[in-house]
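Architecture at a glance
Here is how the chains run, residue by residue.
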Amino acid sequence: MQAEFNNGHSPAEAHEPGEPPSFETLARLERDVNDLIGALALLGVKRCGHCKQFFRSSDPGALFDCGELVCFGCIREWWSSYSGKLHVTSRDEIERKLSAWLRKYHQAEIVKEGSDKQLPPGDFQIVTTCSECRGSGKLLEGQRCRFCNGLGTVWIVVPS
Ligand SMILES: [Zn+2]
Ligand SMILES: [Zn+2]
């Protein structure tokens, strides 16, 4: 059993102080960190891919999951750089998921685009396809969609 704890490294191999860490040392450290992150995930702690902070995954409002994990504190900055890189189809899907998440956990409201309501400048807002008319601006009967004023898009506004 002893050999397992040593991990095959004798003390003579230990790294000299003052010397820059070797590639092997760094690779081993990286493996260790990844192992730890894996272990934390088992314990229900997950990490924001943006700010690298850890959050409890039992709190569904803490991290938004769209393949990568982003915490609420980072969402605004992340979305502004990330949304531009997405293809339209996946962007639509993630926008829908993000709006649902923001509405469910962060009191976000749907605001009609072009409405007179003044949006406080500090609020986080995303423009998303109207879910009532699926972006067509029209309802089944051909009437103008009243949820988005026929524009096909609405704002999702998160109070700051
Ligand atoms: Zn974050
Ligand atoms: Zn609509």
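Bear in mind the structure is a predicted one, so any value in this text is a computation, not a measurement. (Residues numbered from 1 in each chain as written. Chains lettered and ligands numbered in written order. Predicted model: local features only at pLDDT ≥ 70, side-chain atom pairs only at ≥ 80, totals over all residues.)

**Focus: unusual backbone geometry**
Threshold: Secondary structure elements are defined from DSSP: runs of H or I of at least 4 residues count as helices, runs of E of at least 2 residues count as strands, and each element is numbered from the N terminus.
Its identity as a non-glycine residue notwithstanding, Arg134 has a phi of 55 degrees, on the positive side. Mapped onto the elements of the fold, Arg134 is located in the loop between strand S6 (124–129) and strand S7 (153–158). In this model, Asn149 sits at a positive phi of 60 degrees, which is unusual for a non-glycine residue. Relative to the helices and strands, Asn149 is located in the loop between S6 and S7.

**Some words on the pairing of S7**
Quick note on the threshold: Paired strands, as defined in this entry, are two strands with at least two bridges between them according to DSSP.
When strand S5 (residues 109–112) meets S7, the two strands line up antiparallel, connected through 4 bridges. Counterpart to Ile110 in the pairing with S7 is Ile156. Note that S6 and S7 share 6 bridges and pair antiparallel. By the bridge assignment for S7, Thr129 is matched with Thr153.

**Quick look at the confidence of the model for the chain**
Any segment with low pLDDT has predicted coordinates that should not be analysed in fine detail. In plain terms, the rule: pLDDT expresses how confident the predictor is about each individual residue, on a scale running from 0 to 100.
With 85% of its residues at a pLDDT of 70 or more, the chain shows a mean pLDDT of 85. Summarising per-element confidence for the chain, the mean pLDDT is lowest in helix H1 (residues 2–6) (49) and highest in strand S4 (residues 69–71) (96).

**Points about the nonpolar core**
A general feature of soluble globular proteins is that nonpolar side chains tend to end up buried together. In plain terms, the rule: Any set of buried Ala, Val, Leu, Ile, Met, Phe, Trp, Tyr and Cys residues joined through C-beta atoms within 7 Å is what this text calls a nonpolar core. Neighbour counting defines burial: a residue surrounded by 20 or more other C-beta atoms within 10 Å of its own C-beta is buried, one with 12 or fewer is exposed, and intermediate counts give partly exposed, using backbone-placed C-beta atoms. Domain boundaries shown here were taken from an automatic or database domain assignment. Whether two residues are in contact is decided by their C-beta atoms, placed from the backbone, lying within 7 Å.
Judged by nonpolar contacts, the single largest core of 18 residues is most densely connected at Phe64 and Val70. Counting residues per element, the ones that place at least two in this core are strand S3 (63–65), S4, helix H3 (72–82), helix H4 (88–105) and S7. Two domains each put at least three residues into this core: domain 1 (1–85) and domain 2 (91–160). Apart from the residues within four sequence positions on either side, Val70 is in contact with Cys48, Gly49, His50, Leu63, Phe64, Ile75 and Trp78.

**Description of the sheet that holds S7**
The criterion, for reference: Between the N-to-C directions of two axes lies an angle of 0 to 180 degrees, each axis being a line fitted to C-alpha atoms and, for a helix, fitted only over the stretch in contact.
Across the sheet, 3 strands lie side by side as S5-S7-S6; this open sheet has antiparallel pairing. Strand pairing shows two members of the sheet lacking a second neighbour, S5 and S6, which therefore form its edges. Each neighbouring strand pair of the sheet contributes to a mean axis angle of 35 degrees, computed without reference to strand direction. Along the sheet face, H4 touches S6 and S7 and points at about 130 degrees away from the line of S6.

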